[in-house]
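Tertiary structure, described
Next come the chains, spelled out residue by residue.
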Amino acid sequence: MRIFLDILIFILVVPILFILAFQYGLLDGYVSEDAIPADPFIRAELAQRTSGSDLSQRIDRALDAGNYDDAIMYSDIADYMEVTIEPGTASRLAHEKTLGRAIMRNTGGFFEGFVSGEGSDTASFMGAITSDLTVVGDVRDIGSEGTKLINGEDYSQLVLGLSVVGLAATTATIATGGGALPAKIGVSLLKVAKKAGTLTVRFTRDMTRLVGEAVNFEKLRGTLKTVNLADTSATRHAVADYANGVSMAKLTPVFGDIAALEKSVGPAESVRLMKYVESGDDLAHLSKMGGKLGTKTRGIVELTGKTSLRAFKTVANLILWAAGWAWAFIAAIGAAFIGSLGSRLRRRRAA
């Protein structure tokens, strides 16, 4: 009996001690973060924060407000948790997925974003990002922000600097056969996020500093003074020559993480997720989380407040996950017992 208790205590205590040590970073040199699957822990925490009924209400509210992307996001979370949403909600969602409704949502928004470089929904975000992935967006922003710089007016050093870096990245992308494309994607998403107001104050400050180290704004002012900024072709050629001397070494890792996030969750969701990024480490963690959870990422962050996979791997969530399995095991035994008891009663009656 003592041996049985010792084994039971060992089975219960060792996993808790292991996760506790992992949680506080005591095993960082020995255990890879990827060695422990995150899904069971994430599902355990989500089960404490939401339900099929709650997600149905969130979907309905999103549809009422015209936020189709949010509705799909909460639906994806319901699928991930393996919970059922209300039939009426499911019907509304199916209607919104039809081709006709998609055309109505997206018509006009893409072109508005392409021209202005700004967005508020997926269609306009996509238009803004598309224009920035070409030289159109960079030259447009250099013209508008560069004019303010020359005139001594307040201007966005971040947007202007990123536009110059964007031209350099375009040249590098062509020269490397697409090798510098992640940098170009990173530049574009950062600019759109800045204009959309989803960049945090701290991350904006850090990125402005890095861009300031890469771009000599006094020298840029001199270059811009020699160009008619209303002439997009002349502006492009003049700034492109200047941009060839821009060093992107410190910016490239940031752009790489943003491009990885975009690949996992899509451009519009990447812009929205930037509001949770305070530092380069936050961005790296969120990018890794996006690679695991895809378009569900923002919804899970909103529901749990956690922006990294490691944050879910805690003792509390281990216990929640184990409790779920224990409850399922007990329920299965109970169902088998009741079934067996029912069979015995029927045999007795038959006798």
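Our subject in this report is the structure included herewith. The residue numbering used here restarts from 1 in each chain and proceeds along that chain's sequence as written. A pLDDT threshold of at least 70 governs which residues receive local features in this predicted model, and a stricter bar of 80 or more applies before side-chain atom pairs are shown or counted, although totals over entire chains, interfaces and linings include all residues. With hydrogens and water set aside, each side-chain value is computed from the structure's full complement of heavy atoms.

Turning to the overall build of the protein chain, a few remarks are in order. Think of it this way: any DSSP run of H or I at least four residues long counts as a helix, any run of E at least two long counts as a strand, and we number them from the N terminus. For the protein chain, the helix and strand inventory stands at 19 helices and zero strands. Residue pairs at least 24 apart in sequence account for 69% of intrachain contacts in the protein chain once pairs closer than 6 positions are excluded. Surface accessibility in these figures is a Shrake-Rupley result with a 1.4 Å probe; residues are shielded only by whichever protein chains are displayed. Accessible surface computed for the protein chain: about 18200 Å², of which carbon and sulfur atoms make up 60%. Throughout, a contact is declared for two residues whenever any of their heavy atoms are within 4.5 Å.

This brings us to the packing of helix H3 (residues 52–64) against helix H5 (residues 87–96). Axis separation between H3 and H5 bottoms out at 10 Å; the angle between their running directions is 40°. What the angle tells us is that H3 and H5 run oblique. Once H3 is placed against H5, the crossing between them reads as left-handed. Two secondary-structure elements touch here, H3 through Ser56, Ile59, Asp60, Leu63 and Asp64 and H5 through Thr89, Arg92, Leu93 and Glu96. Residues belonging to the contact of H3 with H5 are distributed by class as follows: three nonpolar, two polar and four charged. Orientation is described by axes fitted as lines to C-alpha atoms, over the contacting stretch for helices, and by angles from 0 to 180 degrees between their N-to-C directions. Under this scheme an angle from 65 to 115 degrees is roughly perpendicular, one under 35 degrees roughly parallel, and one over 145 degrees roughly antiparallel; angles in between are oblique. Left-handed describes a crossing whose near helix is turned anticlockwise from the far helix through less than a right angle; right-handed describes the clockwise counterpart. Three classes are used, and their members are as follows: Ala, Val, Leu, Ile, Met, Phe, Trp, Tyr, Cys and Pro are nonpolar, Asp, Glu, Lys and Arg are charged, and the others, Gly among them, are polar.

By secondary structure assignment, the location of Gly88 is in helix H5. Remark: the alpha-carbon pair of Gly88 and Asp60, spanning 28 residues in sequence, is separated by 9.2 Å.

A few words now on the nonpolar core. What we call a nonpolar core is a set of buried Ala, Val, Leu, Ile, Met, Phe, Trp, Tyr and Cys residues that are connected through their side-chain atoms within 4.5 Å. For every residue, the accessible area (1.4 Å probe, protein chains only) is compared with the maximum for its type, and the residue is labelled buried under 20%, exposed over 50%, or partly exposed between those bounds. One finds Ile42, Val164, Leu190, Phe203, Val215 and Ile300 to be the most contacted residues of the largest nonpolar core, which totals 81 residues. Per element, the largest residue contribution to this core is nine residues, and it comes from helix H4 (residues 68–81).

Here we come to the pattern of salt bridges. Salt bridges are defined by distance alone: a side-chain nitrogen of Lys or Arg within 4 Å of a carboxyl oxygen of Asp or Glu. This model, assessed by the stated rule, comprises 21 salt bridges. With a closest N to O distance of 3.1 Å, Arg49 and Glu45 form a salt bridge. Residue Arg49 and its partner Glu45 are located together in helix H2 (residues 39–49), separated by four residues, close to a single helical turn. Members of the salt-bridge network, linked through shared partners, are Asp69, Asp70, Glu269, Arg272, Arg298 and Glu302.

Attention shifts here to the packing of H4 against helix H18 (residues 297–304). Orientation of H4 relative to H18, taken along the N-to-C sense of each, is 80°, at an axis distance of 8 Å. With respect to H18, the element H4 is oriented roughly perpendicular. Within the contact between the two elements, H4 uses Asp70, Met73, Tyr74, Ile77 and Tyr80 and H18 uses Arg298, Gly299, Ile300, Glu302 and Leu303. Of the residues contributing to the contact of H4 with H18, the split by class is six nonpolar, one polar and three charged.

The general pattern is negative phi for most residues beyond glycine and trans for most peptide bonds. Its identity is not glycine, yet Glu82 carries a phi of approximately 60°, on the positive side. Tracing the sequence through the fold places Glu82 in the loop between H4 and H5. Glu82 gets classed as exposed once you look at its relative accessible area, which sits at 71%.

Next up on the list: the environment of Gly299. For Gly299, the location among the structural elements is in helix H18. Take Gly299: its relative accessible area is 0%, and that puts it in the buried class. Each C-alpha atom, one on Gly299 and one on Ser75, is 9.9 Å from the other, the two residues being 224 residues apart in sequence.

Relative to the assigned elements, Thr232 resides in helix H14 (residues 232–243). A relative accessible area of 52% places Thr232 in the exposed class. A C-alpha to C-alpha distance of 7.7 Å links Thr232 and Gly143, two positions 89 residues apart in sequence.

With that settled, the discussion passes to helix H13 (residues 217–225). Three or four residues apart is the spacing at which side chains of an α-helix point the same way, because the helix has 3.6 residues per turn. Within H13 the residues assigned to the buried category are Phe217, Leu220, Thr223 and Leu224. Burial along H13 is one-sided: seen end-on, the buried residues are contained in an arc of 110°. With respect to the buried face of H13, the exposed residues turned more than 90 degrees away are Glu218, Lys219 and Lys225. N or O atoms within 3.5 Å of each other form a polar contact, as long as, within protein, one can give a hydrogen and the other can take it, and as long as residues adjacent in sequence are counted only when both atoms are side-chain atoms. A side-chain oxygen of the first residue of H13 lies 3.2 Å from the backbone nitrogen of Glu218; this N-cap is Asn216. Within this analysis, the arc is defined by the directions that extend from the helix axis to the C-beta atoms.

Quick look at the side chain of Glu145 now. Relative to the helices and strands, Glu145 resides in helix H9 (residues 135–150). A polar atom in the side chain of Glu145 sits 2.9 Å from the backbone nitrogen of Ser156.

Of all eight residues in H18, seven are buried, a share of seventy percent or more. If you check which residues of H18 are buried, you get Thr297, Arg298, Gly299, Ile300, Val301, Leu303 and Thr304. In this fold, the buried residues of H18 make contact with H2, H3, H4, helix H15 (252–265), helix H16 (267–273) and helix H17 (280–293). Downstream of H18 by a residue or two, Gly305 has a phi angle that is positive, lying close to 80°.

This paragraph deals with the packing of aromatic side chains. Aromatic ring pairs are described here by two measures, namely the spacing of the ring centres and the angle between the planes. Between rings of Phe, Tyr and Trp, where Trp is taken as its six-membered ring, a pair exists when centres lie within 6.5 Å; planes separated by under 30 degrees are stacked, by over 60 edge-to-face, and by other angles tilted. As enumerated under the stated definition, the model contains one aromatic pair in all. Judged by centre distance (6.4 Å) and plane angle (50°), the rings of Tyr155 and Phe217 are tilted. Highlighted residues: Tyr155 in the loop between H9 and helix H10 (157–175) and Phe217 in helix H13, separated in sequence by 62 residues. Its relative accessible area of 26% is what places Tyr155 among the partly exposed residues. Sitting over the ring of Tyr80, Arg43 keeps its end group 4.2 Å from the ring centre. Remark: a charge is flagged as sitting over a ring if the NZ atom of Lys or the CZ atom of Arg is within 6 Å of the ring centre and within 35 degrees of the ring normal.

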